[in-house]
Amino acid sequence: MSLNREDVVKIAHLARLAIDEQSVPEYARNLSSILDFVATMEQVDTHAIAPMAHPLDLAQRLRADAVTEEVDRETCQAIAPQVEAGLYLVPKVIE
Amino acid sequence: MEWETVIGLEIHAQLATRSKIFSGASTAYGAEPNTQACLVDLGMPGVLPVLNEGAVRMAIKFGLAINAQIAPRSVFARKNYFYPDLPKGYQISQFELPVVGHGQVTIDLEDGQRKVIGVTRAHLEEDAGKSLHEDFHGMTGIDLNRAGTPLLEIVSEPDMRSAKEAVAYMKKIHALVRYLEICDGNMQEGSFRCDANVSVRPKGQHAFGTRAEIKNINSFRFVERAINYEVERQIDVLEGGGKVVQETRLYDPDKGETRSMRGKEDSHDYRYFPDPDLLPLEIAADTIEAVRATLPELPDAKRSRFVDHYGLPEYDATVLTASRELADYFEAVAKACGEAKLAANWVMGELSGALNKAGLEITESPVSSDALSGLLARIIDKTISGKIAKEVFEAMWNGEGDADRVIEQKGLRQITDSSAIEAAIDAVIAANPTQLEQYRGGKDKLFGFFVGQVMKATQGKANPAQLNELLKQKLDG
Amino acid sequence: MKELHQQSVAELAAGLARGDFSSVELTEALLARIAQHDDRLNSYISVTAERALEQARAADSARAAGQAGPLTGVPLAHKDIFCTRGIRTSCGSKMLDTFISPYDATVVERLDRAGMVMLGKTNMDEFAMGSSNETSFYGPVRNPWDTETVPGGSSGGSAAAVAARLAPIATGTDTGGSIRQPAALCGITGLKPTYGVVSRYGMIAFASSLDQAGPMGRSAEDCALLLGAMAGFDERDSTSLDRPVDDYTATLETPLDGLRIGLPQEFFGDGLDGEVARVIDEAVAELRRLGAEPVEISLPNTALAVPTYYVVAPAECSSNLSRFDGVRFGHRCDAPRDLEDLYKRSRGEGFGAEVKRRIMIGTYALSSGYYDAYYLKAQKLRRLISDDFRAAFAQCDVIAGPTAPTPAFRLGEKADDPVTMYLSDIYTIAVNLAGLPALSMPAGFSQGLPVGLQLIGNYFSEARLLGVAHRYQQATDWHTRSPDGF
């Protein structure tokens, strides 16, 4: 499976990663070689195999519906890049 | 060409849990920004979700109420996209295996017909935060208090054929979630909102047309307007030789139109996959039975009972069961006063009128069900007439006390003493010889004139039945 | 008396209990060693001297008040993947260079409560993605046995610090071998427990269905002591197992008589370094002398483990790392033009090349049209790989083999070729896919570099694995060797 330049740009966009123009070919090469390697999976017929999402064959445990968390906004926002009036600021969102 | 509209709704109902779906932070509405967003809600590095049992039980309750299959095993998945109100960069939702399977509800159409609308599925997911677009130096502010609030997304089949049907369906689900006490139904606060999938096709065509999804509509009125606008728009496009584009649109209530949301177009590859932080949700049969035991009487069953037990007309029963609170109010009045039809008339008439005028909910009524049944009791025992009762009701609404007090203070007690009524009649007859002559000459209609005059003379307090009877005797005498 | 830094956790605990030295003295001695030697290794990202001395004083007071537990006053280092309140938790990334965690990971909280003293936060591959510790934003860690070679990864800082006696013991995390491979390359003992035994809360996620924390120490006994304090149910982690914590030290002395040791033929084929093979053969011979019975077994899908892993782990990581968006914490680019620019440049600048590669592979594997061919396929293979172990454990009690195909390789040797790098985890990765416990312990040397023997057990057999390793370590002295010059 070989990825071309457009593929890399598209994936990088989907993952919201800025990639230098000049490093795109290197990403294309590296990602293609990883995908080639991964393609060995195709050798096995998995038709009748149930997928395994998790190592534990267990069910989800449930939490009682109770308020247990105190929120320390000051501490949480001390590490935020930009806040004002208790809000996290981002460049204007256009809907 | 004649067109047919096809509508499916995705309703988001915020579940009325105390804490969030995957964290122990409070869900209370209206707190200072980001004071109810705990580490888990903020998507801090290293934090993990743990599922709220209350949210699961509410989903089961809903499923049972629409006769749906409750999945013995369902799976939480991540829906990946970047948006500033989505802290983790993914929303935990359910994709392939939802907790509630196929069910249905019945809606009432305007022509009195009923229609069954299929519910494809309902699944649990977390709500996002809010973007505030007030000006922060040209930036947007993000409040994550709402992030992680449990939502039940209820997806209908594309079974609706008009905006009115869509509204009827949405109202039905609204009533249902409030009956079940799993959602406060507050549309202004966004607790109950919907996305509408709308398409049109030539009448008779089997295949669906291309649909547009109108996002985040938060009132019944807007649903109707947004759909009607969108239908017109699509028909215009098609009749103009164009093609409807499959896209997400936003309804602008100020302009009364929908517009394309270009911003979200490129992120449609949500890359769903099972959330590895959560295990499959397994619901045992005995849990389902335990939840079933907590189900209240649902609107349809209540309506039938109101017809059978109280002898109400179908129409009255439908109106009175529209909300659980209204039905409870009616029942309290009907039981206390013993005359269901009288109670129904008053609740649907005077009371609902006054509530509408004042913009109040039944739960906020200044006249309690006890107070109203106290008033009706005075009609039944003939202390006052129905007409006087309206005056008493108004005084009660204005806080002048209960029925007995108002009747006493205003001296509105009905006159049932025959001799007093007879005296009033005699006086009226004596004062109107011309009319008496005309009446006796065959002008029957004048009977009403005499009733009015006697009522006037008694300030409306004469018992109407007695008055009728005695007046007839005297006039015909 | 042995120098303090040469003593094991068990010895230090005994010395503290006897009053031979105080926790403050011990902590000061180790901080001095870090200051003296870590320039050459770069094993720590942050040394938290002040906090350490405070904890040490508290530990000494607790002891004076008769409230000391078995680990009170014993120092350790935490991999910088565990959130520590008020202290930078970088995960080896520029993205989190300014991240002061507002909370403690459950593991940190538990070890604090046990009275342990945190010396600092150890270096690691960025977001635990790497097998050589060369992807760290804070520069590579060097292997104390030969500073021109890598310590392995991703818990390379913890491994190097313990090997160089700059910490008596450390925590690590293992997603595809990140405890065991560096333990092998640095000549220490490291255990990855059964998935769910140690809480993941507060451990910055790489691949959630594979990540598991464990101890990295000099001996099986030390690992048993630390694991006992790390393990246990945590209601904040849905995948944490609600079962009592085993007493890992109680069964250390259990004899190996009759123990069936499975030797998977796939672990001894092409790609295994000849010297490493010799060391492993000798270790197996030693186990046989101790009463164990080697059994030939097969794990037929071994070759598929690495490709499967390199779909599952990147897929999960691509989603796990979406929260690093420059909005609430972490790196934010200068003067973003718009929202998309904020996302793309913050993430583009904050993540290194390997992390970006894995995010992109994972994004691709989950994307529309490729999900079935990659992610779903990998999940199915995961079951096959897991079933291989199930079948194997019908024939044997413990599986033994090499931890890594070669001893430590030279810095930069594999840095340009991701796939070659990935293959250095060929013997460790299947264990994570299945969720099994496994450890690596020193078994000898190849040209002066340590070689690790891997022991893989069935679910919840940590105590058994530690017991086998302990008996081996009673009979050998590989685990007591320390590198010259440190």
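Residues numbered from 1 in each chain as written. Chains lettered and ligands numbered in written order. Predicted model: local features only at pLDDT ≥ 70, side-chain atom pairs only at ≥ 80, totals over all residues. Heavy atoms only, no water.

Caption draft 1: Expanded view of the overall build of chain C. Tallying secondary structure elements over chain C gives 15 helices and 11 strands in all. Computed over C-alpha atoms, the radius of gyration of chain C comes to 21 Å, within 12% of the 23 Å expected from 2.2 N^0.38 for 486 residues, which places it in the range of a compact globule. The C-alpha extent of chain C, read off along each of the three principal axes, is 65 × 55 × 45 Å. Each of the 486 residues in chain C was classed as buried or not, and the buried ones make up 69%. (Helix = DSSP H or I, 4+ residues; strand = E, 2+ residues; numbered from the N terminus. Rg over C-alpha atoms; globule rule 2.2 N^0.38 Å. Buried < 20%, exposed > 50% of the residue type's maximum accessible area, 1.4 Å probe, protein only.)

Caption draft 2: Representation of the overall build of chain B. Within chain B, the secondary structure is distributed over 15 helices and 16 strands. What you see for chain B is a C-alpha radius of gyration of 30 Å, clearly larger than the 23 Å of a compact globule of 477 residues, by over 25%. Counting only C-alpha atoms and orienting by the principal axes, one finds that chain B spans roughly 95 × 55 × 55 Å. Burial analysis of chain B (477 residues in total) assigns 56% to the buried set. In chain B, the proportion of contacts linking residues at least 24 apart, taken out of those at least 6 apart, comes to 68%. As displayed, chain B has an accessible area near 20700 Å², and 48% of this comes from carbon and sulfur atoms. Looking at chain B, you have 55 positive and 70 negative side-chain charges, and the mean spots of the two groups are 2 Å apart. (Contact = heavy atoms within 4.5 Å. Areas by Shrake-Rupley, 256 points an atom, 1.4 Å probe, with all protein chains shown as cover. Lys, Arg positive; Asp, Glu negative; His and termini not counted. Charge placed at Lys NZ, Arg CZ, Asp CG, Glu CD.)

Caption draft 3: Representation of the pairing of strand β11 (residues 449-457) of chain C within the structure. All names here are of chain C. Of all nine residues that make up β11, nine are buried, and the element is covered over most of its length. Examined bridge by bridge, strand β9 (residues 398-402) and β11 share five bridges and lie antiparallel to one another. Each bridged residue has a counterpart across the sheet, and for glycine 401 the counterpart in β11 is glutamine 454. Bridge analysis of strand β10 (residues 438-446) against β11 gives eight bridges, and the strand direction is antiparallel. Following the sheet pairing, phenylalanine 445 is matched in β11 by proline 450. (Pairing = 2+ DSSP bridges.)

Caption draft 4: Geometry of the side chain of arginine 271 of chain B. Looking at the element boundaries, arginine 271 of chain B is found in the loop between β14 (257-260) and β15 (273-274). This buried residue, arginine 271 of chain B, is left without a salt bridge; aspartate 269 of chain B holds the nearest opposite charge, at 4.7 Å. Of the polar contacts made by the side chain of arginine 271 of chain B, one reaches the backbone oxygen of aspartate 269 of chain B; its length is 3.3 Å. Setting aside anything within four residues of it in sequence, one finds arginine 271 of chain B in contact with Leu14 of chain A, Arg78 and Asn80 of chain B together with Thr363, Leu366 and Ser367 of chain C. (Salt bridge = Lys/Arg side-chain N within 4 Å of Asp/Glu carboxyl O. Polar contact = N/O pair within 3.5 Å; in protein donor to acceptor, adjacent residues only side chain to side chain.)

Caption draft 5: Broad picture of the interface of chain C and chain A. Between chain C and chain A, the residue contacts involve 68 residues of the former and 49 residues of the latter. Taking both partners together, chain C and chain A bury about 5200 Å²; carbon and sulfur atoms supply 71% of that area. One can count one salt bridge joining chain C with chain A. Along the contact surface separating chain C from chain A lie 13 residue pairs in polar contact (both at pLDDT 80 or more). (Buried area = accessible area lost by both parts, 1.4 Å probe.)

Caption draft 6: Geometry of the interface of chain C and chain B. Opposite the 39 residues of chain C that make contact, chain B presents 31 residues. For the pair chain C and chain B, the summed buried area comes to about 2900 Å², and 60% of that belongs to carbon and sulfur atoms. Three residues, Ser238, Arg323 and Arg328 of chain C, lead the burial of chain C against chain B; their summed loss comes to 22% of the area buried on that side. Seen at the junction of chain C and chain B, the total is one salt bridge. Across the pair arginine 200 of chain C and aspartate 277 of chain B runs a salt bridge, and its minimum N-O distance is 3.1 Å. Where chain C packs against chain B, one counts 17 residue pairs in polar contact (both at pLDDT 80 or more). At the level of secondary structure, the elements contributing two or more residues to the side of chain C that touches chain B comprise α9 (302-320), α10 (339-350), α11 (353-366) and α12 (372-392) of chain C.

Caption draft 7: Fine view of the nonpolar core. Counting residues in hydrophobic clusters, the biggest one holds 204 residues, and the most contacted among them are Met44 of chain B together with Phe127, Phe389, Leu455 and Leu466 of chain C. Of the residues forming this core, the biggest block, nine residues, is contributed by α9 of chain C. The contacts of leucine 455 of chain C, once residues within four sequence positions are left out, are Val398, Ile399, Ala400, Pro437, Ala438, Leu439, Met441, Leu465, Val468 and Ala469 of chain C. Ala68, Val119, Ala168 and Met187 of chain B belong to the second-largest nonpolar core, a separate cluster that totals 68 residues. (Core = buried A, V, L, I, M, F, W, Y, C linked by side-chain atoms within 4.5 Å.)

Caption draft 8: Quick look at the sheet that holds strand β11 (residues 192-202) of chain B. All names here are of chain B. The sheet built from eight strands is open, its strands ordered β6-β7-β10-β1-β11-β12-β13-β14 with mixed pairing. Looking along the sheet, the strands with just one partner apiece sit at the ends: β6 (103-108) and β14. Put simply, the sheet's adjacent strands are angled 30° from each other on average, direction ignored. Direction of pairing for strand β7 (residues 114-126) relative to strand β10 (residues 150-156): antiparallel, over a ladder of seven bridges. Residue pairing in the sheet places glutamate 126 in a bridge with proline 150 of β10. Each of β1 (3-14), β6, β7, β10, β11 and β12 (212-217) is contacted by helix α2 (residues 163-179), which is oriented at about 115° to β6, the strand it contacts most. In this fold helix α3 (residues 220-239) packs onto β1, β11, β12, β13 (247-252) and β14, with an angle of close to 25° to the strand it touches most, β11. (Axes fitted to C-alpha atoms, helices over the stretch in contact; angles between N-to-C directions.)

Caption draft 9: Seen up close, the packing of helix α8 (residues 340-358) of chain B against helix α10 (residues 386-397) of chain B. Residues and elements named next belong to chain B. One way to put it is that α8 packs onto α10 with a least axis distance of 12 Å and a crossing angle of 35°. Pair α8 / α10 crosses with right-handed handedness. Contacts between α8 and α10 involve Trp346, Glu350, Leu351, Ala354, Leu355 and Ala358 from the former and Gly386, Ala389, Lys390, Phe393 and Trp397 from the latter. A breakdown of the residues in the contact of α8 with α10 according to their chemical character gives eight nonpolar, one polar and two charged. (Left-handed = near helix turned anticlockwise from the far one by under 90°. Nonpolar A, V, L, I, M, F, W, Y, C, P; charged D, E, K, R; others polar.)

Caption draft 10: How the structure looks around the sheet that holds β15 of chain B. Taken together, three strands build an open sheet; the order of strands is β5-β4-β15 (chain B) and the sheet is antiparallel. Each edge of the open sheet carries a strand with a single partner, namely β5 (90-94) and β15 of chain B. Bridging between strand β4 (residues 76-80) of chain B and β5 of chain B involves five bridges; their strand directions are antiparallel. Pairing of asparagine 80 of chain B across the sheet is with tyrosine 90 of chain B, part of β5 of chain B. Running at roughly 65° to β4 of chain B, α9 of chain C makes contact with β4, β5 and β15 of chain B of the sheet.

Caption draft 11: Up close: the pairing of strand β9 (residues 139-143) of chain B. Within β9 of chain B, five of the five residues are buried, leaving the element largely enclosed by the surrounding structure. Neither face of β9 of chain B is left uncovered, since the one carrying Met139, Gly141 and Asp143 of chain B and the one carrying Thr140 and Ile142 of chain B both have all their residues buried. As paired strands, strand β3 (residues 87-91) of chain A and β9 of chain B are joined by four bridges and run antiparallel to one another. Across the sheet, the residue bridging to proline 91 of chain A is methionine 139 of chain B, located in β9 of chain B. The hairpin formed by strand β8 (residues 130-136) of chain B and β9 of chain B contains two residues between the paired strands, and histidine 137 of chain B there has a positive phi angle of roughly 50°.

Caption draft 12: Inspection of the pattern of salt bridges at higher detail. All names here are of chain B. Taken as a whole, this structure holds 61 salt bridges over all chains when the rule is applied. Between lysine 20 and aspartate 41 there is a salt bridge, with its nearest N and O atoms 3.2 Å apart. Of this pair, lysine 20 sits in the loop between β1 and β2 (51-52) while aspartate 41 sits in the loop between β1 and β2, and the two are 21 residues apart along the sequence. Assessed through its relative accessible area of 7%, aspartate 41 is described here as buried.

Caption draft 13: Representation of the packing of aromatic side chains. Taken as a whole, this structure holds 31 aromatic pairs over all chains when the rule is applied. Arranged with centres 6.5 Å apart and planes meeting at 35°, the rings of tyrosine 439 of chain B and phenylalanine 447 of chain B form a pair that is tilted. Just as tyrosine 439 of chain B is buried, phenylalanine 447 of chain B falls in that class too. A connected cluster of aromatic rings, assembled from ring pairs, spans Phe99, Phe127, Phe324, Phe329 and Phe351 of chain C. A cation over an aromatic ring shows up here: lysine 472 of chain B above the ring of phenylalanine 447 of chain B, its NZ or CZ 5.6 Å from the ring centre. Sitting over the face of the ring of phenylalanine 486 of chain C, arginine 40 of chain C holds its NZ or CZ atom 4.2 Å from the ring centroid. (Phe/Tyr/Trp six-rings, centres within 6.5 Å; stacked < 30°, edge-to-face > 60°. Lys NZ or Arg CZ within 6 Å of the ring centre and 35° of its normal.)

Caption draft 14: A look at unusual backbone geometry. Residue serine 154 of chain C is bonded to the preceding glycine 153 of chain C through a cis peptide linkage, with omega at 5°. Backbone geometry at asparagine 216 of chain B places phi at a positive 50°, although glycine is not the residue there. Within the secondary structure, asparagine 216 of chain B is located in strand β12. Taking relative accessible area as the criterion, asparagine 216 of chain B reaches 48% and is therefore assigned partly exposed. One non-glycine residue with positive phi stands out, namely asparagine 133 of chain C, at about 60°. Relative to the helices and strands, asparagine 133 of chain C resides in the loop between β3 (117-122) and α5 (156-163).

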